[in-house]
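Fold and geometry: a report
As a plain string of letters, each chain reads:
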Amino acid sequence: MPHDQRAALAQYARRAPVYDLELALFEPVRRRAIARLALRPGEVVVDVGCGTGLSLPLLHAAVGSAGRIIGVEPSPEMLALARERARREQWRNVTLVAASALDAQLPEPADAVLFHFTHDVMRDAAALAHVLGQVKPGARVVACGLRWAAPWAWPVNLMVLPAALRSVTSLEGMQRPWSHLERLVRIAQVESLLAGGVYLASGVRAADHKPRKP
Ligand SMILES: C[S@@+](CC[C@H](N)C(=O)[O-])C[C@H]1O[C@@H](n2cnc3c(N)ncnc32)[C@H](O)[C@@H]1O
């Protein structure tokens with residue numbers, strides 16, 4: 001099985017206290033990914049696997065107080081930190097759903113969806129279908145995270161490996177993490193960042209999307 005939910009919960013229970021510090025290096029990627037969502041004031045955005053809520057400030061700034069932000073997160077320890085962040089900032093338009101992507105019921109259809117460093121979700125085709133079945137037609141979708149760089153860029157992969165081992169329950173699909181997503185989303189662009197060790201895929205959830213044969 002590519003994704004082990006119990007292992008993921010244990011991994012993030014341990015990691016929650018130091019998570020924000022460890023992600024500091026990747027903040028420029030987060031900014032770029034959220035900019036790619038092209039959010040407008042008043043829109044509804046879903047942050048799948050929202051973790052400690054590091055993306056919430058940028059999402060909130062983009063949709064404004066008239067918009068809504070829905071975070072989906074199964075780890076109680078990570079979610080508690082996201083809740084504390086939203087409480088501290090007194091955001092009334094943030095709904096945090098304590099569930100895995102496979103089970104989450106979104107309170108309303110979304111205009112945009114973010115998968116930020118959520119490899120386990122990206123490799124779970126049923127979870128992707130479940131979330132993307134609850135968004136508006138034409139919803140913008142952005143996914144980014146670690147991936148293997150080209151074999152000749154092995155020094156990059158020496159950095160990707162320990163980061164991945166701390167973040168994911170299986171290295172399956174690290175070559176092309178968006179391969180399940182492209183069956184549901186018309187991917188317009190896949191950018192290669194941090195010397196090829198990070199991808200940023202963006203596209204649109206189109207009802208008539210017919211994926212190319214693999
Ligand atoms: C590397 S963290 C990323 C957190 C956040 N998106 C960020 O960018 O800081 C991966 C997150 O995905 C969550 N996760 C793992 N399995 C999941 C699943 N099946 N559904 C939703 N989230 C999941 C983990 O609990 C963890 O919080």
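All of the points below concern the structure found in this document. Keep in mind it's a predicted model, so treat the numbers as computed, not measured.

**Focus: the site of the ligand**
Close contacts around the ligand come from 18 residues, with Y19, G49, E73, A101 and H116 the closest. A distance of 2.7 Å separates a nitrogen atom of the ligand from a polar backbone atom of G49. Between an oxygen atom of the ligand and a side-chain N or O atom of E73, the distance comes to 2.6 Å. With the chains in place, 97% of the 590 Å² that the ligand exposes on its own is no longer accessible.

**Description of the environment of M122**
Note that M122 resides in helix α6 (residues 119–122). When the C-alpha positions of M122 and R15 are compared, they lie 20 Å apart, and in sequence the two are 107 residues distant. M122 has contacts with F115, L128, A143, P177, W178, H180, L181 and Y199, leaving out every residue within four places of it along the chain.

**Description of helix α7 (residues 125–132)**
Because each turn of an α-helix spans 3.6 residues, side chains separated by three or four positions end up pointing in the same direction. Taken residue by residue, α7 has A127, L128, V131 and L132 as its buried positions. Angular distribution of buried residues about the axis of α7 spans 120°; they occupy a single face of the element.

**Here's the deal with the state of the cysteines**
For the coordinates displayed, the defined rule picks out zero disulfides. Not engaged in a disulfide, the cysteine C50 finds its nearest cysteine sulfur in C144; these two sulfurs lie 15 Å apart.

**A look at the pairing of strand β1 (residues 44–48)**
Here β1 lies mainly inside the structure; five of its five residues are buried. Pairing analysis gives five bridges linking β1 to strand β2 (residues 68–72), with the strands arranged parallel. Counted as the bridge partner of V44 is R68 from β2. As for the winding sense of the linkage, the β-α-β connection from β1 through helix α4 (residues 56–63) to β2 is right-handed. Pairing geometry for β1 and strand β4 (residues 110–116), over four bridges, is parallel.

**Some remarks on the pattern of salt bridges**
Following the criterion strictly, the structure yields 13 salt bridges and no others. A salt bridge links R32 to E191; its shortest N-O distance comes to 2.7 Å. Within this pair, whereas R32 is found in helix α3 (residues 27–36), its partner E191 is found in strand β6 (residues 186–193), the two being separated by 159 residues in sequence. Measuring nitrogen to oxygen at the nearest pair gives 3.1 Å for the salt bridge that ties R40 to E43. What makes E43 buried here is its relative accessible area of 7%. When salt bridges that share partners are traced, they join R15, E22 and R166 into one network.

**Focus on the sheet that holds β4**
Within the open sheet, the seven strands sit side by side as β3-β2-β1-β4-β5-β7-β6. Their pairing is mixed. Strand pairing shows two members of the sheet lacking a second neighbour, β3 (94–97) and β6, which therefore form its edges. Between one strand axis and the next, the sheet turns through 15° on average, direction left out of account. Docked against the sheet, α4 engages β1, β2, β3 and β4, running at close to 155° with respect to β2.

**Some remarks on the nonpolar core**
In terms of nonpolar packing, the biggest core is built from 40 residues, with L37, V45, L59 and L146 touching the most fellow members. Those elements giving two or more residues to this core turn out to be α3, α4, α5 (76–89), β3, β4, β5 (135–146), α8 (154–167) and β7 (198–205). It is α5 that contributes the most residues to this core, four residues altogether. Setting aside chain neighbours within four positions, we find V45 in contact with L37, L39, L59, V63, R68, I69, I70 and A112. The next biggest cluster of nonpolar side chains, apart from the first, holds 29 residues, and it includes M122, A127, V135 and W178.

**Some words on the pairing of β6**
Bridge analysis of β6 against β7 gives seven bridges, and the strand direction is antiparallel. Bridging from a neighbouring strand, R186 pairs with V204 of β7. In sequence, β6 turns back onto β7 through a hairpin of four residues, with L194 there showing a positive phi of about 45°.

Rules of the game
- Residues numbered from 1 in each chain as written.
- Predicted model: local features only at pLDDT ≥ 70, side-chain atom pairs only at ≥ 80, totals over all residues.
- Heavy atoms only, no water.
- Near = heavy atom within 4 Å.
- Polar contact = N/O pair within 3.5 Å; in protein donor to acceptor, adjacent residues only side chain to side chain.
- Areas by Shrake-Rupley, 256 points an atom, 1.4 Å probe, with all protein chains shown as cover.
- Helix = DSSP H or I, 4+ residues; strand = E, 2+ residues; numbered from the N terminus.
- Contact = heavy atoms within 4.5 Å.
- Buried < 20%, exposed > 50% of the residue type's maximum accessible area, 1.4 Å probe, protein only.
- Arc of directions from axis to C-beta.
- Disulfide = S-S within 2.5 Å.
- Pairing = 2+ DSSP bridges.
- Right-handed = clockwise from strand over helix to strand, strands pointing away.
- Salt bridge = Lys/Arg side-chain N within 4 Å of Asp/Glu carboxyl O.
- Axes fitted to C-alpha atoms, helices over the stretch in contact; angles between N-to-C directions.
- Core = buried A, V, L, I, M, F, W, Y, C linked by side-chain atoms within 4.5 Å.

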